[in-house]
Amino acid sequence: IEPAIMALDAGYTANSFSLTIGHRNPVKNADKRIIIDVMIEIAPEKGKIVLSHTGIYKKIIKPLIDKFNVSVVLADRWNSIKLLQDIEEEHRITVGQYSLRYKDMILVKNHIMDGTILVPKATKSLDEIIREEQTKYPECFRDRPVDHFLLQCATIKDTGKEIVKGTKLTDDLWRSMALVTTFLVN
């Protein structure tokens with residue numbers, strides 16, 4: 001199994017905890033597509049619970065590192081430092097913190113537009129996802145992270161200086177995927 005990169009966008013109360021695992025196409029002389037193997041999103045219930053990063057590490061991250069031969073784990077926020085330290089100590093793999101820059105996000109956008117990023121199959125078409133009733137957002141995407149990711153791709157905005165989330169929406173899955181892609185491309 002090819003070495004993979006895991007990226008975390010570690011929300012706690014208001015934002016989701018998102019995790020993406022991806023690798024390069026391993027076939028010799030094949031295209032250089034980026035294959036996204038896993039997309040996970042854990043959204044805290046507003047006003048009810050906060051997320052346990054310790055629990056997420058033990059029950060989700062740790063098993064996925066072994067299963068997908070993760071060799072690098074990245075996060076873009078300061079609140080992921082403890083997770084990165086635990087991962088580095090226990091798994092002896094490379095960890096790092098990197099804040100995505102505008103040029104990185106444009107690079108990712110171009111790869112999406114070129115079709116060089118393969119993501120798991122969504123449960124609905126993009127048109128259906130965009131038209132879907134979202135009065136209970138983001139809970140309406142429970143157990144459908146790829147659908148939610150596609151909505152995020154369709155609604156993020158390019159201001160010319162930064163890529164920002166859509167109005168009243170989140171961008172956590174897009175950011176974790178962008179982090180994986182940035183490092184696989186570079």
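Calculation criteria
Residues numbered from 1 in each chain as written. Predicted model: local features only at pLDDT ≥ 70, side-chain atom pairs only at ≥ 80, totals over all residues. Heavy atoms only, no water. Helix = DSSP H or I, 4+ residues; strand = E, 2+ residues; numbered from the N terminus. Rg over C-alpha atoms; globule rule 2.2 N^0.38 Å. Buried < 20%, exposed > 50% of the residue type's maximum accessible area, 1.4 Å probe, protein only. Contact = heavy atoms within 4.5 Å. Areas by Shrake-Rupley, 256 points an atom, 1.4 Å probe, with all protein chains shown as cover. Phe/Tyr/Trp six-rings, centres within 6.5 Å; stacked < 30°, edge-to-face > 60°. Salt bridge = Lys/Arg side-chain N within 4 Å of Asp/Glu carboxyl O. Pairing = 2+ DSSP bridges. Axes fitted to C-alpha atoms, helices over the stretch in contact; angles between N-to-C directions.

1. What to know about the overall build of the protein chain
Line of reasoning, step 1. Per the secondary structure count, the protein chain includes six helices and eight strands.
Line of reasoning, step 2. Along its sequence from the N terminus, the protein chain presents helices and strands in the succession β-β-β-α-β-α-β-α-β-α-α-β-β-α.
Line of reasoning, step 3. In terms of overall dimensions, the protein chain is globule-like: its C-alpha atoms have a radius of gyration of 16 Å, near the 16 Å expected for 186 residues.
Line of reasoning, step 4. The 186 residues of the protein chain split such that 45% are buried.
Line of reasoning, step 5. For the protein chain, the share of sequence-separated contacts (at least 6 apart) that also reach a separation of at least 24 residues comes to 59%.
Line of reasoning, step 6. Accessible area for the protein chain stands at about 10200 Å²; split by element, carbon and sulfur atoms hold 52% of it.

2. Considering the packing of aromatic side chains
Line of reasoning, step 1. As enumerated under the stated definition, the model contains two aromatic pairs in all.
Line of reasoning, step 2. Aromatic side chains Tyr98 and Phe183 sit 5.2 Å apart centroid to centroid with 85° between the ring planes, which places their arrangement in the edge-to-face category. Of the two residues, Tyr98 is situated in the loop between strand S5 (94–97) and helix H3 (102–114) and Phe183 in helix H6 (residues 172–185); the sequence distance between them amounts to 85 residues.
Line of reasoning, step 3. Given a relative accessible area of 31%, Phe183 falls into the partly exposed group.
Line of reasoning, step 4. Seen from their ring centres, Tyr137 and Phe141 are 6.2 Å apart, and the 80° between their planes marks the pair as edge-to-face. There is no split in this pair, since Tyr137 and Phe141 are both buried.

3. Description of the pattern of salt bridges
Line of reasoning, step 1. Overall, the coordinates contain seven salt bridges when judged by the stated rule.
Line of reasoning, step 2. Arg144 is paired through a salt bridge with Asp147; the nearest N and O atoms lie 2.8 Å apart.
Line of reasoning, step 3. You can call Arg144 buried: its relative accessible area is 14%.
Line of reasoning, step 4. Classification of Asp147 as buried rests on a relative accessible area of 1%.
Line of reasoning, step 5. Put simply, Lys124, Glu132, Arg144 and Asp147 are held in one network by salt bridges that share partners.

4. Some remarks on the environment of Leu51
Line of reasoning, step 1. Mapping Leu51 onto the fold places it in the loop between strand S3 (34–42) and helix H1 (53–67).
Line of reasoning, step 2. A relative accessible area of 8% places Leu51 in the buried class.
Line of reasoning, step 3. Between the alpha carbons of Leu51 and Ala10 there is a distance of 9.3 Å; along the sequence they are 41 residues apart.

5. Some points on the pairing of S3
If a strand is regular, its side chains alternate between the two faces of the sheet.
Line of reasoning, step 1. Two elements, strand S2 (residues 17–24) and S3, share eight bridges in a ladder whose sense is antiparallel. Pairing of Gly22 across the sheet is with Ile36, part of S3.
Line of reasoning, step 2. Sheet analysis places S3 next to strand S6 (residues 117–118), joined by two bridges and oriented parallel. Across the sheet, residue Ile34 finds its bridge partner in S6, namely Ile117.

6. Let's talk about the pairing of strand S4 (residues 70–75)
Line of reasoning, step 1. A large share of S4 lies buried, amounting to five of its six residues.
Line of reasoning, step 2. As paired strands, strand S1 (residues 4–10) and S4 are joined by five bridges and run parallel to one another. Directly across from Ile5, in S4, lies its bridge partner Val72.
Line of reasoning, step 3. Relative to S5, S4 runs parallel, the two sharing four bridges. Opposite Leu74, over in S5, you have Gly96 as the bridge partner.

7. A short note on the sheet that holds S6
Within a beta sheet, neighbouring strands are joined by backbone hydrogen bonds and run either parallel or antiparallel to one another.
Line of reasoning, step 1. Read across the sheet, six strands follow the order S5-S4-S1-S2-S3-S6 without closing on themselves; strand pairing throughout is mixed. If you trace the sheet from one side to the other, it starts and ends with S5 and S6, each paired once.
Line of reasoning, step 2. Against the sheet, helix H2 (residues 81–91) makes contact with S1, S2, S4 and S5, and its axis sits at roughly 165° relative to S5, the strand it touches most.

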